[in-house]
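Structural overview
The chain contents come next:
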Amino acid sequence: MERGLAMIDVPAAFANLTYIAGAASAAGVAAWIYPRRERFGRAGGAIAAALLISAIWCVVALSGGGVNIAGAIAFSATYLAWLFATYRLFSIDGRDQSLKPIRSVALVLCFVEALQLALAVAMPSLPLEGESARVVFSLLVLFRLMVAVGALVLVHNLYVGGGASARKLLRWPASALALMWVYDLNFFTIAYLTGGIPETFAALRGLLPLAMAALIAPGAAVTGRALKLAPSRSVAFQSFSLMVIGGYLVAMVGIAQWLAYLGGDFARTIQLAFVVTASVIAVLFLPSAKLRSWLKVTLTKHLFQHRYDYREEWLRFTRTIGRAGEATTPLFERAVHAIADITDSPGGILLVPGENGDLQLAARWNWASLDVPASAMSAEQADFFTREDFIVDLDAMRSGESQARESEFVPEWLTAAERAWAMVPLIHYKRLTGMVVLMRPQYSRQLDWEDFDLLKVAGRQLGSYLAEREGQEALVESRQFDEFNRRIAFVMHDIKNLASQLTLLARNAEKHAENAEFRQDMLVTLRNSAEKLNGLLARLGRYNAGEAVAPGAVEIGELLEQMRSRFAPIHPIELTMKDKIAVHADRHALEQVLAHLIQNAIDATSDDTAVLVNLKRDSAHGVIEIIDSGTGMSPDFVRGGLFKPFVSSKPGGFGIGAFEARELVKAMRGRLEVESREGLGSRFVVLLPLAELSRLYHNQERNSAEAAE
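Residues numbered from 1 in each chain as written. Predicted model: local features only at pLDDT ≥ 70, side-chain atom pairs only at ≥ 80, totals over all residues. Heavy atoms only, no water.

Re the overall build of the chain
When helices and strands are tallied, the chain shows 24 helices and 12 strands. Looking at the chain as a whole, 41% of its 709 residues qualify as buried. The contacts of the chain with a sequence gap of at least 6 include a subset with a gap of at least 24, amounting to 70%. For the chain, the accessible surface area stands at approximately 37,300 Å², while carbon and sulfur atoms represent 60% of it. (Helix = DSSP H or I, 4+ residues; strand = E, 2+ residues; numbered from the N terminus. Buried < 20%, exposed > 50% of the residue type's maximum accessible area, 1.4 Å probe, protein only. Contact = heavy atoms within 4.5 Å. Areas by Shrake-Rupley, 256 points an atom, 1.4 Å probe, with all protein chains shown as cover.)

Structure below.
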């Protein structure tokens, strides 16, 4: 329609400005695109021409007053130009030749537009008044609506039917075309309903060429590849909802207009009945989950190339599996939930392999009513799904539509469960880690290739999660066994030391049993051994890697005297102490360390050579030296084998003592050092912090804890 209309709602100056801006922008972009027309293939010249014709129409509409033939011709020329440009855009990927209906639709739309133009040109010469003028006007508007609807169908097929590479190029011109035809569809719908031109829409239509030019320009730019306009599926659903609402409003306007023509009490009665009926339908059907499921399936089937928004599905799947917190459901339930969300299934169960290879129930999600046997699936049945990685559509299997032989391997109890809908195996490296059985959705549908592909990928990912969890549990169990074995090794080492002392004591008793002093020392040694065994039993539950001891002030001189008394009946010990020294340590742990080191020194020293034990202090430590004159150790063994568990230089040794001694000294904030020379002997040095520094250590720990908080 030409612009020649009185501007009522929009100021005339602003309306003129919009047409001037539209003409300038369309002409400028047309001139800019023409040297770059190869960017759009064979459609480049057509697009530039359509923009130029749109600019000419803006000039004609701006200069014309009232309805004139020039305006009608210019407006129809823009429609024909854009229809031709739309047809040319199909040639980007060759669909103008492969899809013959496209050419037919384009020709029909051009023919309808030509009829409209002929009628518009003939109108001034026809004596039209009253009802006849109204009928001709409605016919003209109806032609415009037919062209707009047909053009929108073409634009929809242009973009949706294109490949991934073609869509990147078609995105911008298709958006511009869709904007124009949608605007005119609303424009002429309002004109048809009201019987006159919507003056505000007509005054603002000059902005349409400007907006189209702004959309087309990025597509011809060199950097246009980086610009993307790809609405998400949620936006598309919301847009569809707006379209439904708009259609509802249009329908209400039409019905209200019709009822207004009826007039009287009868019209008001019909209006009231309509409102009541619409309210009842809305209350009964809109909250229905089954209706929403049906609507979602229908829309995704007919409006989208793919049913699923894979990005959203994968993000939701990851969020469900990775959910953390105290209130979070167990992993097995989250696994069922994650798979069920993909197909809108309201519930499901998870079967996992048992000890005998059969599948057993591991978790339920919103399906407490399903009766599952103790052995839900035999090992033979599970092997089939492991080999085939086959997703079972139970409805297709029951109806005999499935051509696979899965019915032989689906358990009878599952076939008989009417609400069981699909079976999704969870495969990890050709190993079945579980099986998810999904409940039938409220709106049941047949699974297709897209469901199978997405469920198979999600099943493999979930199978990896379950396999990782299984591996972590096995690792924790292995560590527990390692810790148990370590405890037993420590216990056996301490028992071995006690057994060695008692053996030496029994051997010396044969020689010195008549000596009263020896018998007295023997009783002391036996008493100490008994105390050692009792202490060992008491500490058996405290052996743990990295376990902290409870330190306190320990008088080292007193402890060394006791140790000398214990070992004196077995081997001579020379003890040298310069002064009394108290260290910050755990008495039982320190006694265990010293017993081990002295026993090792005795084992390495000949019977007639004493073991030297020296006590001294430096600025911050109490220093205990244990020196033997045995065979010594090689530097390689000291560096790589002395403190390594289960490595020993003694025949039949456990290789635990030195490692345990060092760990205990570390737990008391001390150090264990060693010097050894082959053929000369070894010197072990235990350095422990002085007791007077314990307050300083306590303050440091408290400050560190406060800083961490």
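Some words on the packing of aromatic side chains
Following the criterion strictly, the structure yields 9 aromatic pairs and no others. On the basis of an interplanar angle of 20° and a centroid distance of 5.2 Å, the ring pair of tryptophan 314 and phenylalanine 317 is categorised as stacked. Linking tryptophan 314 with phenylalanine 317, this pair stays in helix 13 (residues 310-321), spanning 3 residues, or about one helical turn. For tryptophan 314, a relative accessible area of 32% gives the class partly exposed. (Phe/Tyr/Trp six-rings, centres within 6.5 Å; stacked < 30°, edge-to-face > 60°.)

Concerning the sheet that holds strand 3 (residues 392-393)
Here we have 5 strands laid out as an open sheet, ordered 2-1-5-4-3, and antiparallel in their pairing. The strands lining the two open edges of the sheet, one partner per strand, are strand 2 (359-365) and strand 3. Set on the sheet, helix 14 (residues 331-342) makes contact with strand 1 (348-353), strand 2, strand 4 (420-427) and strand 5 (432-439); between it and strand 2 the angle comes to about 70°. Against the sheet, helix 15 (residues 379-388) touches strand 2, strand 3, strand 4 and strand 5, its axis set at about 70° to strand 4. (Pairing = 2+ DSSP bridges. Axes fitted to C-alpha atoms, helices over the stretch in contact; angles between N-to-C directions.)

With respect to the sheet that holds strand 7 (residues 573-577)
Taken in spatial order, the 5 strands make up an open sheet running 7-9-10-12-11, and their pairing is mixed. Only two strands of the sheet have a single partner each, and these edge strands are strand 7 and strand 11 (671-677). Neighbour-to-neighbour, the strand axes of this sheet turn through a mean angle of 15°, independent of strand direction. Pairing geometry for strand 9 (residues 611-617) and strand 10 (residues 621-628), over 6 bridges, is antiparallel. Residue pairing across strands places lysine 616 opposite valine 623, the latter belonging to strand 10. Packing against the sheet, helix 21 (residues 587-604) makes contact with strand 7, strand 9, strand 10, strand 11 and strand 12 (681-689), and its axis sits at approximately 25° to strand 10.

Digging into the pattern of salt bridges
Pairing of side chains with opposite charge becomes possible as their charged atoms draw close. Tallied over the full model, the rule gives 14 salt bridges. In this structure, the salt-bridge partner of glutamate 113 is arginine 144, at a minimum N-O distance of 2.3 Å. Taken together, the residues glutamate 113 in helix 5 (residues 100-122) and arginine 144 in helix 6 (residues 131-160) connect sequence positions 31 residues apart. Here arginine 564 and glutamate 561 are joined by a salt bridge, their closest N and O atoms 3.5 Å apart. Taken together, the positions of arginine 564 and glutamate 561, both in helix 20 (residues 556-567) and 3 residues apart, correspond to about one turn of that helix. If you follow the salt bridges from partner to partner, you end up with Lys616, Glu625, Glu675 and Arg683 in one network. (Salt bridge = Lys/Arg side-chain N within 4 Å of Asp/Glu carboxyl O.)

What about helix 15?
Residues of helix 15 that are buried: Gln381, Ala382, Phe384 and Phe385. Taken end-on, helix 15 shows its buried residues confined to a sector of 150°, consistent with a single buried face. The exposed residues of helix 15 that point more than 90 degrees off its buried face are Glu380 and Arg387. Structurally, helix 15 contributes buried residues whose contacts are with strand 2, strand 3, strand 4 and strand 5. Looking one or two residues beyond helix 15, the residue adopting positive phi is aspartate 389, at roughly 50°. (Arc of directions from axis to C-beta.)

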